[in-house]
Amino acid sequence: MDVLVVGGHGRVGIRLLRLLAARGHRARGLIRKPEEAADLEAAGAVPVIGDLEAEPSLEPYVKGADAVVFAAGAGPGSGPERKRTVDLGGAVKLTDAAAALGVRRYLMVSSIGADRPESATGPMRAYLEAKAEADRYLAASGLDYTILRPGSLTDDPGTGRVRLTTELGGTGRVPRDDVAAVLAELLAAPHTAGVTAELFSGDVPVAEAVRALGRATP
Ligand SMILES: NC(=O)c1ccc[n+]([C@@H]2O[C@H](COP(=O)([O-])OP(=O)(O)OC[C@H]3O[C@@H](n4cnc5c(N)ncnc54)[C@H](OP(=O)(O)O)[C@@H]3O)[C@@H](O)[C@H]2O)c1
């Protein structure tokens, strides 16, 4: 599979690229700083240089992909304007490019709280509004999307065990290692198309949690 990860040098993005390359996929990472290319190559990935905000269309990068993953973000130090141009605008451009080229599989790294941005204050509110709008745009696109909403991300080592649930409104933390592991598993799980799920640390092995996702629970 050829997978384009947007936000390829992000802390989730590079972990995902490493996992995908190890599984034999062509793992391409979109980055805007050429000096980060060597880190992607060391992860077994193919660096693709491009700026989400500056490029009018992401079609040239998406071309040839079997699936795309949005893992970029303006980051906590950014103001409301960049939440609109990266967290919303970048995700929308990726949706448009995937739809135009018929690349049906799209994984969105969203966030807990995107189901209720109005309950947040300060910079979190602009962030969650951007995430919510990006998620709505993707869900309306007709693509085979899965929206993953992790809790607070940590750099703790992954445990391979998670809580993945379509019940929204939770709180908690999850290591970036485990977010990447869930994303890699979702790419091989077409039954999760159309699903929005929250992700936290938990006790269910990643493969089992993804297998159960979207299925009716008793
Ligand atoms: N932090 C949390 O607790 C939390 C919780 C839930 C969800 N999330 C979401 O999880 C995702 C992954 O988080 P993370 O911690 O891995 O993020 P991260 O390490 O901050 O990585 C984000 C990446 O996006 C890239 N980016 C920003 N603007 C760009 C542009 N114009 N063109 C190309 N790339 C650009 C950044 O590259 P540059 O270095 O070039 O800017 C960076 O590599 C994000 O969508 C985040 O919003 C985060």
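The paragraphs below set out a description of the structure included in this document.

### A few points about helix α6 (residues 176-187)
Along an α-helix, residues three or four positions apart point the same way, because every turn accommodates 3.6 residues. For α6, built from twelve residues, the straight-helix expectation of 16 Å at 1.5 Å per residue is met to within 8% by its first-to-last C-alpha distance of 17 Å. Across the twelve residues of α6, ten count as buried, placing the element largely inside the fold.

### Overview of the pattern of salt bridges
On inspection of all chains with the given rule, the structure shows 14 salt bridges. For D51, the salt bridge goes to R32, with nearest N and O atoms at 3.9 Å. With a gap of 19 residues between them, D51 in the loop between β3 (46-49) and α3 (59-62) and R32 in the loop between β2 (26-31) and α2 (37-42) connect regions that are remote in the sequence. The partly exposed category is assigned to R32, whose relative accessible area is 45%. Of the charged contacts in the structure, one is a salt bridge between R125 and E129, with a shortest N-O distance of 3.1 Å. Residue R125 and its partner E129 are located together in helix α5 (residues 123-139), separated by four residues, close to a single helical turn. Where salt bridges share partners, they join R15, D155, R176 and D177 into one cluster.

### Overview of the site of the ligand
In the vicinity of the ligand lie 25 residues, with V12, R32, E53, A72 and Y127 positioned nearest. One nitrogen or oxygen atom from the side chain of R32 is found 2.7 Å from an oxygen atom belonging to the ligand. In this structure, an oxygen atom belonging to the ligand sits 2.6 Å away from a side-chain N or O atom of Y127. The fraction of the free accessible surface of the ligand (910 Å²) that becomes covered by protein chains is 84%. At the level of elements, α1 (11-22), α4 (80-101), α5 and β7 (152-154) are the ones that each hand at least two residues to the shell around the ligand. Across the shell around the ligand, the residue classes break down as nine nonpolar, eight polar and eight charged.

### Focus on the nonpolar core
Grouped together as the largest cluster of nonpolar side chains are 38 residues, with contacts concentrated most on L164, V182 and L183. If we ignore the near neighbours within four places in the chain, the residues touching V182 are L148, V162, L164, L199, V206 and V210. Ranked by size, the runner-up nonpolar core spans 29 residues in total, among them V6, L58, L138 and L143.

### Notes on the side chain of T146
For T146, the location among the structural elements is in strand β6 (residues 144-150). For T146, a relative accessible area of 2% puts it in the buried group. Residues within four places of T146 in sequence aside, it is in contact with R105, Y106, L107, M108, L186, T192, A193 and V195.

About the thresholds
- Residues numbered from 1 in each chain as written.
- Predicted model: local features only at pLDDT ≥ 70, side-chain atom pairs only at ≥ 80, totals over all residues.
- Heavy atoms only, no water.
- Helix = DSSP H or I, 4+ residues; strand = E, 2+ residues; numbered from the N terminus.
- Expected span 1.5 Å × (residues − 1).
- Buried < 20%, exposed > 50% of the residue type's maximum accessible area, 1.4 Å probe, protein only.
- Salt bridge = Lys/Arg side-chain N within 4 Å of Asp/Glu carboxyl O.
- Near = heavy atom within 4 Å.
- Polar contact = N/O pair within 3.5 Å; in protein donor to acceptor, adjacent residues only side chain to side chain.
- Areas by Shrake-Rupley, 256 points an atom, 1.4 Å probe, with all protein chains shown as cover.
- Nonpolar A, V, L, I, M, F, W, Y, C, P; charged D, E, K, R; others polar.
- Core = buried A, V, L, I, M, F, W, Y, C linked by side-chain atoms within 4.5 Å.
- Contact = heavy atoms within 4.5 Å.

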